[in-house]
Amino acid sequence: MTSVSLSAQSVPPGPRGAGIRLRHRTVHGHRRAFRMAGKGDAVLLIHGIGDSSDTWRDVMPGLARSHRVIAPDLLGHGHSDKPRADYSLAAYANGMRDLLSVLGVERATIVGHSLGGAVAMQFAYQFPERCERLVLVGTGGVSRHVTPLLRAASLPGAELVLQMLRLPTMRWQVGAAVKVMQWLGTDLAVDAPDLLRVVDALPDATSRNAFVRTLRAVVDWRGQVGTMLDRCYLAQGMPTMLVWGGRDRVVPALHAGLGHVSMPGSRLEIFEEAGHFPFRSDPDRFLSVLRDFITTTQPAGFSPEQWREMLRNRRPAPRRPGLPDLDPATLRALRPA
(Lines give C-alpha, C1' and ligand atoms only; values in the text may rest on other atoms or scores of the structure.)
Protein backbone atom coordinates (compact mmCIF):
# COMPACT_ATOMS: atom_id res chain seq x y z
CA MET A 1 0.00 0.00 0.00
CA THR A 2 1.22 3.51 -0.79
CA SER A 3 0.89 6.25 1.82
CA VAL A 4 1.00 9.80 0.56
CA SER A 5 1.67 13.16 2.14
CA LEU A 6 2.63 16.48 0.57
CA SER A 7 4.83 19.31 1.71
CA ALA A 8 6.74 22.04 -0.05
CA GLN A 9 9.53 24.42 0.79
CA SER A 10 11.29 27.22 -1.01
CA VAL A 11 14.76 26.60 -2.38
CA PRO A 12 17.39 29.23 -3.05
CA PRO A 13 16.85 30.49 -6.60
CA GLY A 14 19.56 29.59 -9.08
CA PRO A 15 20.48 31.65 -12.09
CA ARG A 16 17.40 30.37 -13.91
CA GLY A 17 15.64 28.24 -11.31
CA ALA A 18 13.77 30.88 -9.36
CA GLY A 19 10.23 29.96 -8.38
CA ILE A 20 10.64 26.19 -8.59
CA ARG A 21 9.92 24.80 -5.15
CA LEU A 22 11.22 21.65 -3.53
CA ARG A 23 8.26 19.41 -2.70
CA HIS A 24 7.91 16.14 -0.82
CA ARG A 25 5.68 13.10 -1.02
CA THR A 26 5.82 10.09 1.26
CA VAL A 27 5.58 6.86 -0.73
CA HIS A 28 5.88 3.42 0.88
CA GLY A 29 6.89 5.14 4.11
CA HIS A 30 9.86 6.99 2.57
CA ARG A 31 9.94 10.75 2.05
CA ARG A 32 10.77 11.58 -1.58
CA ALA A 33 11.78 15.05 -2.68
CA PHE A 34 11.11 16.46 -6.13
CA ARG A 35 10.79 19.67 -8.08
CA MET A 36 7.85 20.28 -10.38
CA ALA A 37 6.82 23.16 -12.63
CA GLY A 38 4.72 23.94 -15.69
CA LYS A 39 1.70 22.42 -17.40
CA GLY A 40 1.24 20.20 -20.40
CA ASP A 41 2.68 16.86 -21.44
CA ALA A 42 4.94 15.46 -18.74
CA VAL A 43 8.74 15.30 -18.86
CA LEU A 44 10.55 13.37 -16.13
CA LEU A 45 14.17 14.41 -15.47
CA ILE A 46 16.28 11.78 -13.64
CA HIS A 47 19.66 12.86 -12.27
CA GLY A 48 22.86 10.84 -11.96
CA ILE A 49 24.55 9.14 -9.02
CA GLY A 50 25.34 11.37 -6.06
CA ASP A 51 23.48 14.27 -7.66
CA SER A 52 19.99 15.68 -7.09
CA SER A 53 17.13 17.39 -8.89
CA ASP A 54 18.96 20.69 -8.44
CA THR A 55 21.29 19.68 -11.27
CA TRP A 56 18.46 20.47 -13.77
CA ARG A 57 17.77 23.99 -12.50
CA ASP A 58 19.16 25.71 -15.62
CA VAL A 59 16.85 23.82 -18.00
CA MET A 60 13.69 23.35 -15.93
CA PRO A 61 12.22 26.87 -16.25
CA GLY A 62 12.53 26.98 -20.04
CA LEU A 63 11.12 23.47 -20.41
CA ALA A 64 8.28 24.26 -18.00
CA ARG A 65 6.94 26.94 -20.37
CA SER A 66 5.40 24.19 -22.49
CA HIS A 67 5.54 21.02 -20.38
CA ARG A 68 4.88 19.70 -16.93
CA VAL A 69 8.41 19.03 -15.70
CA ILE A 70 9.11 16.68 -12.79
CA ALA A 71 12.63 16.30 -11.40
CA PRO A 72 12.88 13.93 -8.41
CA ASP A 73 15.67 13.35 -5.94
CA LEU A 74 16.22 9.61 -6.25
CA LEU A 75 15.92 7.65 -3.02
CA GLY A 76 19.25 7.92 -1.22
CA HIS A 77 20.01 11.27 -2.88
CA GLY A 78 19.45 14.96 -2.28
CA HIS A 79 16.59 15.71 0.10
CA SER A 80 14.96 12.29 -0.25
CA ASP A 81 15.22 9.72 2.53
CA LYS A 82 18.32 7.53 2.59
CA PRO A 83 17.18 4.23 4.11
CA ARG A 84 18.94 0.89 4.05
CA ALA A 85 17.02 -0.18 0.96
CA ASP A 86 17.17 -1.62 -2.54
CA TYR A 87 19.11 0.79 -4.78
CA SER A 88 19.05 -1.33 -7.93
CA LEU A 89 17.99 0.02 -11.32
CA ALA A 90 14.76 -1.98 -11.14
CA ALA A 91 13.92 -0.51 -7.73
CA TYR A 92 14.61 3.02 -8.97
CA ALA A 93 12.38 2.42 -12.01
CA ASN A 94 9.62 1.23 -9.68
CA GLY A 95 10.09 4.36 -7.60
CA MET A 96 9.71 6.57 -10.66
CA ARG A 97 6.50 4.76 -11.64
CA ASP A 98 5.09 5.14 -8.14
CA LEU A 99 5.94 8.84 -7.92
CA LEU A 100 4.35 9.53 -11.31
CA SER A 101 1.26 7.57 -10.23
CA VAL A 102 0.95 9.56 -7.01
CA LEU A 103 1.22 12.77 -9.04
CA GLY A 104 -1.46 11.60 -11.46
CA VAL A 105 0.89 11.30 -14.45
CA GLU A 106 0.16 8.33 -16.69
CA ARG A 107 2.81 8.84 -19.39
CA ALA A 108 5.92 10.96 -19.79
CA THR A 109 9.00 11.66 -21.85
CA ILE A 110 11.80 10.20 -19.74
CA VAL A 111 15.14 12.05 -19.64
CA GLY A 112 17.98 10.43 -17.71
CA HIS A 113 21.56 11.48 -17.04
CA SER A 114 24.35 9.00 -16.24
CA LEU A 115 22.86 6.59 -13.66
CA GLY A 116 19.54 8.31 -14.37
CA GLY A 117 19.90 7.24 -18.00
CA ALA A 118 20.23 3.62 -16.92
CA VAL A 119 17.14 4.11 -14.73
CA ALA A 120 15.32 5.65 -17.72
CA MET A 121 16.17 2.64 -19.89
CA GLN A 122 15.04 0.29 -17.14
CA PHE A 123 11.80 2.28 -16.81
CA ALA A 124 11.15 1.99 -20.55
CA TYR A 125 11.83 -1.75 -20.35
CA GLN A 126 9.62 -2.38 -17.31
CA PHE A 127 6.83 0.08 -18.13
CA PRO A 128 6.84 0.67 -21.92
CA GLU A 129 3.19 1.69 -21.83
CA ARG A 130 4.13 4.70 -19.67
CA CYS A 131 7.11 5.93 -21.68
CA GLU A 132 6.46 8.32 -24.58
CA ARG A 133 10.06 9.10 -25.51
CA LEU A 134 13.51 8.28 -24.18
CA VAL A 135 16.38 10.76 -23.84
CA LEU A 136 19.72 9.41 -22.61
CA VAL A 137 22.36 11.93 -21.52
CA GLY A 138 25.88 10.58 -20.98
CA THR A 139 24.09 7.47 -19.85
CA GLY A 140 25.40 4.48 -18.00
CA GLY A 141 24.38 0.98 -18.99
CA VAL A 142 25.55 1.01 -22.62
CA SER A 143 28.87 -0.78 -22.23
CA ARG A 144 31.00 -2.20 -19.43
CA HIS A 145 33.63 0.53 -19.49
CA VAL A 146 33.46 3.37 -16.98
CA THR A 147 35.99 5.79 -15.51
CA PRO A 148 38.48 4.16 -13.08
CA LEU A 149 37.33 6.69 -10.47
CA LEU A 150 33.91 5.02 -10.22
CA ARG A 151 35.42 1.54 -10.27
CA ALA A 152 37.68 2.51 -7.39
CA ALA A 153 34.73 4.03 -5.51
CA SER A 154 32.98 0.63 -5.58
CA LEU A 155 35.82 -1.06 -3.65
CA PRO A 156 35.86 -1.73 0.12
CA GLY A 157 36.80 1.36 2.08
CA ALA A 158 35.17 3.78 -0.34
CA GLU A 159 33.11 5.36 2.44
CA LEU A 160 36.31 6.33 4.28
CA VAL A 161 37.87 7.82 1.15
CA LEU A 162 34.75 9.91 0.50
CA GLN A 163 34.89 11.16 4.09
CA MET A 164 38.57 12.08 3.72
CA LEU A 165 37.83 14.06 0.54
CA ARG A 166 35.82 16.48 2.67
CA LEU A 167 38.76 17.29 4.96
CA PRO A 168 40.10 20.84 4.42
CA THR A 169 43.67 19.68 3.73
CA MET A 170 42.51 17.05 1.23
CA ARG A 171 40.19 19.50 -0.49
CA TRP A 172 43.08 21.94 -0.90
CA GLN A 173 45.17 19.22 -2.56
CA VAL A 174 42.31 18.12 -4.81
CA GLY A 175 41.59 21.74 -5.73
CA ALA A 176 45.23 22.25 -6.67
CA ALA A 177 45.15 19.11 -8.82
CA VAL A 178 42.02 20.38 -10.58
CA LYS A 179 43.70 23.70 -11.38
CA VAL A 180 46.66 21.83 -12.87
CA MET A 181 44.32 19.73 -15.03
CA GLN A 182 42.50 22.86 -16.17
CA TRP A 183 45.81 24.55 -17.00
CA LEU A 184 46.81 21.50 -19.04
CA GLY A 185 43.41 21.50 -20.77
CA THR A 186 42.64 17.86 -19.94
CA ASP A 187 39.17 16.48 -20.61
CA LEU A 188 38.69 15.38 -17.00
CA ALA A 189 39.12 19.00 -15.91
CA VAL A 190 35.89 19.85 -17.77
CA ASP A 191 33.92 17.78 -15.27
CA ALA A 192 36.05 18.32 -12.16
CA PRO A 193 33.88 21.11 -10.64
CA ASP A 194 30.72 19.02 -11.03
CA LEU A 195 32.42 15.90 -9.64
CA LEU A 196 33.55 17.88 -6.60
CA ARG A 197 30.01 19.24 -6.27
CA VAL A 198 28.73 15.67 -6.08
CA VAL A 199 31.24 14.85 -3.32
CA ASP A 200 30.13 17.95 -1.42
CA ALA A 201 26.55 16.68 -1.64
CA LEU A 202 27.53 13.74 0.63
CA PRO A 203 27.85 15.56 3.97
CA ASP A 204 27.32 12.64 6.37
CA ALA A 205 27.78 8.90 6.73
CA THR A 206 24.15 8.17 5.78
CA SER A 207 24.55 9.99 2.46
CA ARG A 208 27.89 8.34 1.73
CA ASN A 209 26.55 4.89 2.52
CA ALA A 210 23.58 5.40 0.20
CA PHE A 211 25.95 6.59 -2.56
CA VAL A 212 28.18 3.53 -2.22
CA ARG A 213 25.22 1.13 -2.08
CA THR A 214 23.84 2.69 -5.26
CA LEU A 215 27.20 2.56 -7.02
CA ARG A 216 27.85 -1.07 -6.10
CA ALA A 217 24.48 -2.03 -7.56
CA VAL A 218 25.69 -0.97 -11.03
CA VAL A 219 29.53 -0.89 -10.93
CA ASP A 220 32.27 -3.16 -9.59
CA TRP A 221 36.06 -3.20 -10.00
CA ARG A 222 35.68 -4.54 -13.56
CA GLY A 223 33.29 -1.82 -14.72
CA GLN A 224 29.53 -1.56 -15.22
CA VAL A 225 27.70 -4.68 -14.11
CA GLY A 226 25.05 -4.73 -16.83
CA THR A 227 24.42 -3.21 -20.23
CA MET A 228 21.36 -2.44 -22.32
CA LEU A 229 22.72 -4.11 -25.45
CA ASP A 230 20.85 -7.39 -24.90
CA ARG A 231 17.49 -5.57 -24.76
CA CYS A 232 17.89 -2.43 -26.83
CA TYR A 233 15.97 -4.02 -29.73
CA LEU A 234 12.86 -3.47 -27.60
CA ALA A 235 13.28 0.27 -28.19
CA GLN A 236 11.96 -0.25 -31.71
CA GLY A 237 9.22 2.33 -32.21
CA MET A 238 10.30 4.33 -29.14
CA PRO A 239 11.54 7.82 -30.12
CA THR A 240 15.03 7.85 -28.62
CA MET A 241 17.75 10.48 -28.46
CA LEU A 242 21.27 10.20 -27.07
CA VAL A 243 23.04 13.36 -25.92
CA TRP A 244 26.75 13.21 -25.08
CA GLY A 245 29.67 15.46 -24.33
CA GLY A 246 32.53 14.90 -26.75
CA ARG A 247 35.00 15.32 -23.85
CA ASP A 248 33.17 13.04 -21.41
CA ARG A 249 35.65 10.86 -19.51
CA VAL A 250 33.23 9.57 -16.87
CA VAL A 251 31.27 7.56 -19.44
CA PRO A 252 33.38 7.88 -22.61
CA ALA A 253 31.73 9.34 -25.67
CA LEU A 254 32.37 6.17 -27.67
CA HIS A 255 29.41 4.73 -25.74
CA ALA A 256 27.24 7.24 -27.59
CA GLY A 257 28.14 5.72 -30.96
CA LEU A 258 27.66 2.19 -29.68
CA GLY A 259 24.24 3.03 -28.27
CA HIS A 260 23.27 4.90 -31.44
CA VAL A 261 24.01 2.02 -33.82
CA SER A 262 22.39 -0.46 -31.41
CA MET A 263 19.12 1.49 -31.37
CA PRO A 264 18.07 1.93 -35.01
CA GLY A 265 16.22 5.18 -35.59
CA SER A 266 17.75 6.90 -32.58
CA ARG A 267 19.00 10.47 -32.77
CA LEU A 268 22.50 11.40 -31.60
CA GLU A 269 23.61 14.84 -30.44
CA ILE A 270 27.27 15.44 -29.55
CA PHE A 271 28.22 18.56 -27.57
CA GLU A 272 31.81 18.65 -28.76
CA GLU A 273 33.31 20.77 -25.97
CA ALA A 274 31.17 19.44 -23.11
CA GLY A 275 32.04 16.75 -20.62
CA HIS A 276 29.72 14.51 -18.62
CA PHE A 277 27.20 17.30 -17.89
CA PRO A 278 26.25 18.84 -21.28
CA PHE A 279 22.97 20.21 -19.89
CA ARG A 280 24.96 22.22 -17.34
CA SER A 281 27.80 23.40 -19.57
CA ASP A 282 25.46 24.48 -22.40
CA PRO A 283 21.87 24.60 -21.05
CA ASP A 284 20.54 26.72 -23.91
CA ARG A 285 21.67 24.26 -26.56
CA PHE A 286 20.46 21.32 -24.48
CA LEU A 287 17.04 22.91 -24.06
CA SER A 288 16.83 23.65 -27.79
CA VAL A 289 17.80 20.09 -28.73
CA LEU A 290 15.34 18.58 -26.23
CA ARG A 291 12.44 20.80 -27.33
CA ASP A 292 13.11 20.03 -30.98
CA PHE A 293 13.19 16.30 -30.28
CA ILE A 294 9.89 16.41 -28.40
CA THR A 295 8.09 18.57 -30.96
CA THR A 296 9.28 16.59 -34.00
CA THR A 297 8.44 13.12 -32.70
CA GLN A 298 5.17 11.41 -31.86
CA PRO A 299 4.74 9.70 -28.47
CA ALA A 300 5.38 5.98 -28.67
CA GLY A 301 2.38 3.70 -28.73
CA PHE A 302 2.33 0.40 -26.89
CA SER A 303 0.97 -2.87 -28.18
CA PRO A 304 1.21 -5.97 -25.96
CA GLU A 305 1.05 -8.13 -29.08
CA GLN A 306 3.94 -6.29 -30.73
CA TRP A 307 5.96 -6.45 -27.52
CA ARG A 308 5.38 -10.19 -27.30
CA GLU A 309 6.42 -10.69 -30.93
CA MET A 310 9.63 -8.71 -30.42
CA LEU A 311 10.52 -10.88 -27.43
CA ARG A 312 9.80 -14.07 -29.34
CA ASN A 313 11.40 -13.20 -32.65
CA ARG A 314 14.38 -11.11 -31.77
CA ARG A 315 16.92 -10.98 -34.58
CA PRO A 316 20.32 -9.86 -33.29
CA ALA A 317 21.54 -6.83 -35.24
CA PRO A 318 24.48 -7.68 -37.49
CA ARG A 319 27.82 -6.70 -36.03
CA ARG A 320 29.46 -3.79 -37.80
CA PRO A 321 33.09 -2.75 -37.39
CA GLY A 322 33.24 0.88 -36.37
CA LEU A 323 30.40 3.36 -36.58
CA PRO A 324 29.44 3.72 -40.26
CA ASP A 325 26.19 5.56 -39.51
CA LEU A 326 28.02 8.59 -38.17
CA ASP A 327 29.29 11.54 -40.15
CA PRO A 328 33.05 12.35 -40.04
CA ALA A 329 32.63 15.29 -37.65
CA THR A 330 30.74 13.11 -35.16
CA LEU A 331 33.31 10.34 -35.47
CA ARG A 332 36.07 12.83 -34.62
CA ALA A 333 34.13 13.99 -31.57
CA LEU A 334 33.75 10.39 -30.37
CA ARG A 335 37.41 9.47 -30.63
CA PRO A 336 39.28 9.48 -27.31
CA ALA A 337 41.88 12.18 -26.88
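Residues numbered from 1 in each chain as written. Predicted model: local features only at pLDDT ≥ 70, side-chain atom pairs only at ≥ 80, totals over all residues. Heavy atoms only, no water.

Quick notes on the overall build of the protein
Helix and strand counts for the protein stand at 13 helices and eleven strands. In the protein, which comprises 337 residues, the share counted as buried stands at 52%. For the protein, the share of sequence-separated contacts (at least 6 apart) that also reach a separation of at least 24 residues comes to 75%. As presented, the protein carries roughly 15,700 Å² of accessible surface, and 55% of it is formed by carbon and sulfur atoms. (Helix = DSSP H or I, 4+ residues; strand = E, 2+ residues; numbered from the N terminus. Buried < 20%, exposed > 50% of the residue type's maximum accessible area, 1.4 Å probe, protein only. Contact = heavy atoms within 4.5 Å. Areas by Shrake-Rupley, 256 points an atom, 1.4 Å probe, with all protein chains shown as cover.)

Here's the deal with the packing of aromatic side chains
This model, assessed by the stated rule, comprises seven aromatic pairs. Taken together through their ring pairs, the aromatic side chains of Trp 56, Phe 277, Phe 279 and Phe 286 make up a single cluster. Above the face of the Phe 271 ring, Arg 285 is positioned so that its terminal group lies 4.0 Å from the ring centre. (Phe/Tyr/Trp six-rings, centres within 6.5 Å; stacked < 30°, edge-to-face > 60°. Lys NZ or Arg CZ within 6 Å of the ring centre and 35° of its normal.)

Here's the deal with the pairing of strand β7 (residues 131-137)
In terms of burial, β7 is largely enclosed, as seven of its seven residues are buried. As defined by bridge partners, strand β6 (residues 108-113) adjoins β7 across six bridges and the pair is classed as parallel. Note that in β7 the partner of Ile 110 across the bridge is Leu 134. In this fold, β6 hands off to helix α3 (residues 115-126), which returns the chain to β7; that crossover is right-handed. Bridge count for β7 against strand β10 (residues 240-245) is four bridges, and the pairing is parallel. Within β10, the residue paired with Val 137 across the bridge is Val 243. (Pairing = 2+ DSSP bridges. Right-handed = clockwise from strand over helix to strand, strands pointing away.)

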